[in-house]
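As a plain string of letters, each chain reads:
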Amino acid sequence: MSSMLSSFSQWFVNPRRNPLARIHMLTVSSRLKKYGLRYDDLYDPYFDLDIKEALARLPQEVVDARIQRLKRAMDLSMKHQYLPDDLQALQTPFKSYLSDMLALVKKEAAERQALGALPIYERTLP
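Residues numbered from 1 in each chain as written. Predicted model: local features only at pLDDT ≥ 70, side-chain atom pairs only at ≥ 80, totals over all residues. Heavy atoms only, no water.

A. Up close: the packing of helix H3 (residues 49-57) against helix H6 (residues 99-115). Across the interface, H3 lies against H6 with an axial gap of 9 Å and an inter-helix angle of 120°. One way to sum up the angle between H3 and H6 is to call them oblique. Note that H3 runs across H6; the crossing there is right-handed. Mapping the contact onto sequence places Asp50, Ile51, Glu53, Ala54 and Arg57 in H3 and Met101, Leu102, Leu104, Val105, Lys106 and Glu108 in H6. A class-by-class count of the residues in the contact of H3 with H6 yields six nonpolar, no polar and five charged. (Axes fitted to C-alpha atoms, helices over the stretch in contact; angles between N-to-C directions. Helix = DSSP H or I, 4+ residues; strand = E, 2+ residues; numbered from the N terminus. Parallel < 35°, antiparallel > 145°, perpendicular 65-115°, else oblique. Left-handed = near helix turned anticlockwise from the far one by under 90°. Contact = heavy atoms within 4.5 Å. Nonpolar A, V, L, I, M, F, W, Y, C, P; charged D, E, K, R; others polar.)

Structure below.
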């Protein structure tokens, strides 16, 4: 029963297999392109401390590019404008820069918890 549910859930969220997931992915992609954002920019470091730790481990130029994309998106949103079409065509909203580091941080946290060690950083939210 659980394997059938697992296979259904994998099918349900896979945009290559499920046409509804494909439509959703294209919709999210078009909205992110309008503001010049990437999907990883939507993660909030104040909500999840694993994301905060992953961002701290990334190279500074990657973090600076993320901050610039967020500032540009906020500026465009305040002006009720979108990026020009030629710049929207250059955007890559699903090119990930955070997922590998985030997976590593989550793996280390799980390993520390399994060993009974203290966490590297305090896991309380502000």
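B. Spotlight on a nonpolar patch on the surface. Taken together, Met25, Tyr39, Leu42, Tyr43 and Phe94 make up a surface patch of nonpolar side chains, about 440 Å² in accessible area. Position of phenylalanine 94 among the secondary structure elements: in the loop between helix H5 (85-88) and H6. (Patch = residues over 30% accessible without salt bridge, like charges linked within 9 Å, V, L, I, M, F, W, Y side chains within 5 Å. Areas by Shrake-Rupley, 256 points an atom, 1.4 Å probe, with all protein chains shown as cover. Salt bridge = Lys/Arg side-chain N within 4 Å of Asp/Glu carboxyl O.)

C. Molecular detail of the side chain of arginine 69. Take arginine 69: it is sitting in helix H4 (residues 60-78). On the basis of relative accessible area, arginine 69 is assigned to the buried category, the value being 12%. When neighbours within four sequence positions are excluded, arginine 69 is seen to be in contact with Gly36, Leu37, Arg38, Asp41 and Tyr97. (Buried < 20%, exposed > 50% of the residue type's maximum accessible area, 1.4 Å probe, protein only.)

D. Structural detail: the confidence of the model for the chain. For the chain, the average pLDDT comes to 88, and 90% of its residues sit at 70 or higher. Averaged over each element, pLDDT in the chain is lowest for helix H1 (residues 2-13) (73) and highest for H4 (97). (pLDDT = per-residue confidence, 0-100.)

E. Up close: the environment of alanine 73. Considering the arrangement of structural elements, one finds alanine 73 in helix H4. Using a relative accessible area of 9% as the deciding quantity, one classes alanine 73 as buried. Residues alanine 73 and lysine 34 lie 39 residues apart in sequence; the distance between their C-alpha atoms is 8.6 Å.

F. The packing of aromatic side chains, seen in detail. A complete count under the given rule lists three aromatic pairs for this structure. On the basis of an interplanar angle of 75° and a centroid distance of 5.4 Å, the ring pair of tyrosine 35 and tyrosine 82 is categorised as edge-to-face. Taken together, the positions of tyrosine 35 in helix H2 (residues 19-35) and tyrosine 82 in the loop between H4 and H5 put the pair 47 residues apart, joining distant regions of the chain. The class for tyrosine 35 is partly exposed, based on a relative accessible area of 24%. Among the aromatic residues, ring-to-ring pairing joins Tyr39, Tyr43 and Phe94 into one connected group. (Phe/Tyr/Trp six-rings, centres within 6.5 Å; stacked < 30°, edge-to-face > 60°.)

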